[in-house]
Amino acid sequence: MTATMDAETTESFQSLSPATGEIVGEHPVHGKEAVDAAIERARDAAVWWAGLGWKERRVRLLNVKGALTRSLNRVATLIHRETGKPIEDAQLEVVLAITHLDWAARKAEKVLGPRRLFPGLLSINQKAVLEYQPLGVVGVIGPWNYPLFTPMGSIGYALAAGNAVVFKPSEYTPGVATLLAEIVASIVPEQPVLQVVTGFGETGAALAGGAVDKIAFTGSTPTARKVMAACAERLTPIVAECGGKDAFIVDADADVDGAADAALWGAMSNAGQTCVGVERVYVVDSVYETFVDRLTEQARALRPGEDRGASYGPITMPGQLGIIKRHIDDAVAQGGKAVVGGPSSVKEPYVEPVILLDVPDDSSAVCEETFGPTITVHRVKSVDEAVARANATPYGLAGTIFSGSRSAAMNAARRLRSGMTSINGVIAFAAIPALPFGGVGDSGFGRIHGADGLREFARAKSITRQRFSSMNLTSFQRSDKDMARALQLVNLLHGKRYK
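Residues numbered from 1 in each chain as written. Predicted model: local features only at pLDDT ≥ 70, side-chain atom pairs only at ≥ 80, totals over all residues. Heavy atoms only, no water.

Chemist: I'd like a rundown of the overall build of the protein, residues and numbers included.
Modeler: Looking only at helices and strands, the protein has 16 helices and 20 strands in total. Along the first, second and third principal axes, the C-alpha set of the protein runs to 85 × 65 × 40 Å. Sorting the 499 residues of the protein into buried and exposed places 55% on the buried side. In the form shown here, the protein has an accessible surface area of approximately 21400 Å², with 53% of it arising from carbon and sulfur atoms. (Helix = DSSP H or I, 4+ residues; strand = E, 2+ residues; numbered from the N terminus. Buried < 20%, exposed > 50% of the residue type's maximum accessible area, 1.4 Å probe, protein only. Areas by Shrake-Rupley, 256 points an atom, 1.4 Å probe, with all protein chains shown as cover.)

Chemist: Describe the environment of alanine 431, and please don't skip the residues or the numbers.
Modeler: One can find alanine 431 in the loop between β18 (420-423) and β19 (444-445). Classification of alanine 431 as partly exposed rests on a relative accessible area of 40%. The sequence separation of alanine 431 and glutamate 348 amounts to 83 residues, and the corresponding C-alpha distance is 32 Å.

Chemist: Please give an account of the sheet that holds strand β15 (residues 354-357) that cites residues and values.
Modeler: Pairing is mixed in the open sheet, where seven strands are placed in the order β12-β15-β16-β11-β10-β17-β18. Pairing within the sheet leaves two strands with one partner each, and these edge strands are β12 (337-340) and β18. The average angle at which neighbouring strand axes cross in this sheet is 25°, direction not considered. Pairing of strand β17 (residues 398-402) with β18 involves four bridges; the strand directions are parallel. Considered in β18, the bridge of glycine 399 is made with threonine 421. Along the sheet, helix α9 (residues 256-268) makes contact with β10 (246-250), β11 (278-284), β15, β16 (374-380) and β17, crossing β16 at roughly 140°. (Pairing = 2+ DSSP bridges. Axes fitted to C-alpha atoms, helices over the stretch in contact; angles between N-to-C directions. Contact = heavy atoms within 4.5 Å.)

Chemist: Report on unusual backbone geometry, specifying residues and quantitative values.
Modeler: Cis geometry is adopted by the peptide bond preceding proline 349, which originates at glutamate 348 and carries an omega value of 5°. The residue proline 349 is located in the loop between β13 (346-347) and β14 (350-351) in this model. In this model, asparagine 270 sits at a positive phi of 55°, which is unusual for a non-glycine residue. Of note, asparagine 270 is situated in the loop between α9 and β11. By relative accessible area, which is 6% here, asparagine 270 ends up buried.

Chemist: Tell me what's going on with the packing of helix α3 (residues 72-83) against helix α6 (residues 174-187), and back it up with residues and numbers.
Modeler: For any two helices packed against each other, the geometry comes down to the angle between their axes and how far apart the axes lie. Two elements in contact, α3 and α6, have axes whose closest approach is 8 Å; the angle formed by their N-to-C orientations is 160°. By the criterion of interaxial angle, the relationship of α3 to α6 is roughly antiparallel. By crossing handedness, the relation of α3 to α6 is classed as left-handed. The residues of α6 that touch α3, namely those facing Arg74, Val75, Leu78, Ile79 and Glu82, are Pro174, Gly175, Val176, Leu179, Glu182 and Ile183. (Parallel < 35°, antiparallel > 145°, perpendicular 65-115°, else oblique. Left-handed = near helix turned anticlockwise from the far one by under 90°.)

Chemist: So what's going on with the environment of alanine 229? Residues and values would help.
Modeler: If you trace the backbone, alanine 229 turns up in helix α8 (residues 221-232). Put simply, alanine 229 and threonine 173 are 56 residues apart on the chain and 25 Å apart in space, counted from C-alpha to C-alpha.

Chemist: If you had to explain the sheet that holds strand β9 (residues 238-241) to someone new, which residues and values would you point to?
Modeler: Pairing in this open sheet of six strands is mixed, and the strands run β7-β6-β5-β8-β9-β19 from one edge to the other. Two strands in the sheet have a free side with no partner beyond their single neighbour: β7 (194-196) and β19. Sheet analysis places strand β5 (residues 137-141) next to strand β8 (residues 214-218), joined by four bridges and oriented parallel. Counterpart to isoleucine 141 in the pairing with β8 is phenylalanine 217. Relative to the sheet, α8 contacts β5, β8, β9 and β19, its axis offset from that of β8 by approximately 170°.

Chemist: Now, about α8: what can you tell me, with residues and values included?
Modeler: In this model α8 runs 16 Å from its N-terminal to its C-terminal C-alpha over twelve residues, within 8% of the 16 Å that 1.5 Å per residue would give. When α8 is considered as a whole, its buried residues turn out to be Thr221, Ala224, Val227 and Cys231. The arc enclosing the buried residues of α8, seen along the axis, measures out at 110°, which places them on a common side. Away from its buried face by more than 90 degrees, α8 exposes Pro222 and Lys226. Tucked into the core, α8 has its buried residues touching β5, α7 (201-208), β8 and β9. (Expected span 1.5 Å × (residues − 1). Arc of directions from axis to C-beta.)

Chemist: Requested: an account of the packing of helix α2 (residues 53-70) against helix α5 (residues 149-160), with residues and values cited.
Modeler: Running from amino to carboxyl end, α2 crosses α5 at an angle of 150°, the nearest separation of the two axes being 9 Å. Overall, the two elements α2 and α5 adopt an arrangement that is roughly antiparallel. Along its contact with α2, which presents Trp54, Arg57, Leu61 and Leu68, the element α5 presents Met152, Leu159 and Ala160.

So, to be careful, I would describe these as geometric facts and stop short of saying anything about function.
See below:
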């Protein structure tokens, strides 16, 4: 459901198609009073939802998944209209969201349910139980580039863990969030386990500073710092997935054609507006020329537009156009060579493909997140050099390795300072619900997806129960005999020398 408007305001705003400028929908601007009221409703809903137990929540969420699947084309059409991305890409986004919701619903009890642990010989008379309990109310602040898939990594997993959710979507894609809440409410009508609050930065700030039990944020690094500051007032924990400047490494023995195809998709799909998209490519010298030839040939065939034949759509957020233009201009001004496109490729609301060579490492096009359909390609002597240069930014979200050697690729993947790495494919990890998703450094912290993602929205609870009387070391009635026995056991267990 969507939260009601603040009693003191009737302000609203419109979501627009970035491709045509047409009005897609109108939504309320929720103020602090409305956000706080939504959190209070969520508090009651969370108690009810947690009380349903694992089996009933699983059935409800699987039915939400079914309803979302039956509404796939309707949801994808709205994603297409609000973001401008091609309808097929919007459909793929819904498919990925469905896949993750299914996994979370089916695996929650196995990951979070009670389990017995061995207490150790010193505490052999104790039964040790570990379980994970819901946090209560989770606030989710979502992005506009993947307005369903990305927040589902928090919403679906938080709901599966037994929490209620208050979701603040981007002001560019409020309709997608509202439709998702309607679908959830059609399956779970008893309580508002998922509510949506719409508006601008002030609405997000009210949610971050509200009486929630955790915030799941996706967005830019500067905004993440502001959200963290608001959370600090209440010591509210936060999981943050921020921007990236992801690297793509091509080894000397790589499948060059496959690498060029993957790099192009990773960089240009969704108009380059992908946090784990490819922005920097490092190619070993012996295959550099061949790779550049393949990449540029394919890139010249791409075309942005609003029609079904377009390769990708417009830049969703108008303010990003200036950043993309600045990065291209800076790269060229510092000696970079545009072999496809260039400064004139920025044609509001679209940006044509841009491939830049010989761009200095201190250029903004290499150091800062561009979030547009641009690639900088760099010649390196070895994979070791590529890894070192790839790691030379404060970001650490994802990366890609193309290599003919499994061992070399795995070695390089482990050395990349990133939360996720794909080998001989691009962004493959996002489609695997069991794998955690998140970054390091300026790319954020914490994880969504997978078992780690479920635990992100629960608190560990440790319980012990004495099964029989034994030596009691935590008593003023402790005997010398009990202490002697304990010391003898400790010496037996831990006193040996290790080699």
